[in-house]
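As a plain string of letters, each chain reads:
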Amino acid sequence: MNRVVLDTNCLLVSISSRSEYFEVWRGLHEGRYVLCVSNEILAEYEEVIALKANREVAENVINALVDSDFVEFVDPQFHLGLITSDPDDNKFVDCAFASNATFIVSNDKHFNVLQTIDFPRINVLKIQEFLALLK
C-alpha cells in the first residue's frame, strides 16, 4: 500500500465532495493509501482550512484524520533542509523521509528541487497523477 504525504493545498482541494479531487479524500477513508503526517503538518492543515473554509470544517477534517485507521503519525527526527526556496515546505519532505513514504503529492513548484537530489530519494506526484493512480 502506498504511503503518502499530502501537501496542504492538495488536501484542501480534495475535501469537498464537489471537487474533482474528492477521490483523494475518499480514497484515504477507504484505505487505498496511508497518509503520513506530523504534528507540524496537522497544524498547517488546520490553520489553512480554517482560513479557506472555517474553523468548524477545519476541526472536522483534523478529527477525521486523527480518528482514521489509515493515517500514520510521524515524528521526524531529521530536518533535511532540502527546499531552500520555501523552507516551510521542508516539513513535508522531513515527514516523507521519516515515514519512508512512497511519495509526496504536491503541485507546488518548490518540490521540483527534489528531482535533482539523489539521496534521499523522495518522489513527488502532482495531484492529477495521484488521482489517476487511485482510479
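Everything that follows concerns the structure shown earlier in this document.
Here the structure is a predicted model, which is why all the values come from computation and not from measurement. (Residues numbered from 1 in each chain as written. Predicted model: local features only at pLDDT ≥ 70, side-chain atom pairs only at ≥ 80, totals over all residues. Heavy atoms only, no water.)

K.L.:
Outline the pattern of salt bridges, listing residues and values.
P.N.:
Taken as a whole and assessed by the stated rule, the structure comprises 6 salt bridges. Between Glu23 and Arg26 there is a salt bridge, with its nearest N and O atoms 3.3 Å apart. Taken together, the residues span about one helical turn, with Glu23 and Arg26 both in helix α2 (residues 22-29) at a distance of 3 residues. The closest approach of N and O atoms between Glu46 and Arg55, which form a salt bridge, is 3.6 Å. By relative accessible area, which is 27% here, Glu46 ends up partly exposed. Accessibility expressed as a relative area gives 45% for Arg55, which makes it partly exposed. (Salt bridge = Lys/Arg side-chain N within 4 Å of Asp/Glu carboxyl O. Helix = DSSP H or I, 4+ residues; strand = E, 2+ residues; numbered from the N terminus. Buried < 20%, exposed > 50% of the residue type's maximum accessible area, 1.4 Å probe, protein only.)

K.L.:
Describe the environment of Glu40, with residues and values.
P.N.:
Along the chain, Glu40 falls in helix α3 (residues 39-52). Judged by its relative accessible area of 46%, Glu40 is partly exposed. As for Glu40 and Pro76, which are separated by 36 residues in sequence, their C-alpha atoms are 9.9 Å apart.

K.L.:
Please give an account of the packing of aromatic side chains that cites residues and values.
P.N.:
On inspection of all chains with the given rule, the structure shows 2 aromatic pairs. Relative to Phe130, the ring of Tyr33 lies with its centre 5.0 Å away and its plane at 80 degrees, an arrangement referred to as edge-to-face. Taken as a pair, Tyr33 in the loop between α2 and β2 (34-37) and Phe130 in helix α6 (residues 127-134) lie far apart in primary sequence, 97 residues in all. In this pair, the class of Tyr33 matches that of Phe130, namely buried. Look at Phe103 and Phe130: their rings are 5.7 Å apart centre to centre, the planes differ by 70 degrees, and that puts the pair in the edge-to-face class. On the criterion of sequence distance, the pair formed by Phe103 in strand β4 (residues 103-105) and Phe130 in helix α6 is long-range, its members being 27 residues apart. In terms of burial, Phe103 and Phe130 fall into one category: buried. (Phe/Tyr/Trp six-rings, centres within 6.5 Å; stacked < 30°, edge-to-face > 60°.)

K.L.:
Provide a residue-level description of helix α5 (residues 90-99), including the pertinent values.
P.N.:
Across the 10 residues that make up α5, a large majority, 8, are buried. Three or more residues of α5 are buried, namely Asn90, Lys91, Phe92, Val93, Asp94, Cys95, Ala96 and Ser99. Taken together, the buried residues of α5 touch β1 (3-6), α1 (8-14), β2, α3, β3 (71-73) and β4. Count one or two residues on from α5 and you reach Asn100, which has phi positive near 55 degrees. (Contact = heavy atoms within 4.5 Å.)

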